[in-house]
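Overview (structure and organization)
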Amino acid sequence: MKSTKPFPEMKQATKGSRALESPESRRSWLRRLGLGAMLVAVAGQAYTLLRALVPNVLYEEPQRFKAGLPDQFPEGATFFEDRRVFVFREQKTFYAVSAVCTHLGCTVKMINLSQPKKVQIKGRLVEERREFHCPCHGSKYYGDGTNYAGPAPGPLAWYRLEVAPEDGQLVVDLSERVSQSFRLTV
Ligand code: FES
């Protein structure tokens, strides 16, 4: 007759399953689960509390900046790459034109024309010596920033220029747009 004794490993498995199924071990497992959930909830609350103490501040560059003394500017254009603005000098007058394309914000390039050309801008005949071209999608602007080709929806911005009373430097105010007739005479 064959023996009906279980294999030793089968015996062990049966013992282990019984151990997990005991009310005592189930209670302790549930206790640990509860403790873990509580710790996660406390950590979440602590994070929310600490986050509320840190203000949502955007560290942006100031919109006004000193560009230098008027005498230091050469005749024509000076490009401030980090601010994406051109400051133009025509003898004693100054003005600032944005280099930010009004389509999707690429930086336009200034093109000095080899031959001056006459163009009609808003009904006025103007002699052009330079233009701005956008390398991204082909928008083109006349020298005064008026858009005339490509997808740009509007002209390049002009910004207010001032002289700082404390040291005589030119101040470009990127927060204040002015008309294309703006000139600062120093
Ligand atoms: S960003 Fe200048 S044409 Fe599109």
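What this report covers is the structure whose coordinates are included nearby.

Cut-offs applied
- Residues numbered from 1 in each chain as written.
- Predicted model: local features only at pLDDT ≥ 70, side-chain atom pairs only at ≥ 80, totals over all residues.
- Helix = DSSP H or I, 4+ residues; strand = E, 2+ residues; numbered from the N terminus.
- Expected span 1.5 Å × (residues − 1).
- Buried ≥ 20, exposed ≤ 12 C-beta atoms within 10 Å, placed from the backbone.
- Pairing = 2+ DSSP bridges.
- Axes fitted to C-alpha atoms, helices over the stretch in contact; angles between N-to-C directions.
- Core = buried A, V, L, I, M, F, W, Y, C linked by C-beta atoms within 7 Å.
- Contact = placed C-beta atoms within 7 Å.

Now for helix H2 (residues 23-53). Its 31 residues give H2 an end-to-end C-alpha distance of 45 Å, which sits within 8% of 45 Å, the value for a rise of 1.5 Å per residue. The buried fraction of H2 amounts to 0 of the 31 residues, a small share that puts the element mostly on the outside.

This part covers the sheet that holds strand S6 (residues 124-133). Reading across from one edge, S5-S6-S7-S8 is the order of the 4 strands in this open sheet, with antiparallel pairing throughout. A single partner strand is all that each edge strand has here, and the edge strands are strand S5 (109-121) and strand S8 (147-149). Strand-to-strand twist across the sheet, computed as the mean angle between neighbouring axes with direction ignored, equals 35°. As paired strands, S5 and S6 are joined by 9 bridges and run antiparallel to one another. Bridge pairing in S6 links Met110 to Phe132.

We now examine the nonpolar core. Residues Val85, Val87, Ala96, Val108, Leu161 and Val172 are the most contacted members of the largest nonpolar core, which totals 22 residues. Elements supplying a minimum of two residues to this core: strand S3 (85-90), strand S4 (93-98), strand S7 (140-142), strand S9 (158-163) and strand S10 (170-178). Here this core takes 4 residues from S4, the largest share from any one element. Sequence-distant contacts of Leu161, that is, excluding residues within four places in its chain, are made with Phe94, Tyr95, Ala96, Leu170, Val171, Val172 and Leu184.

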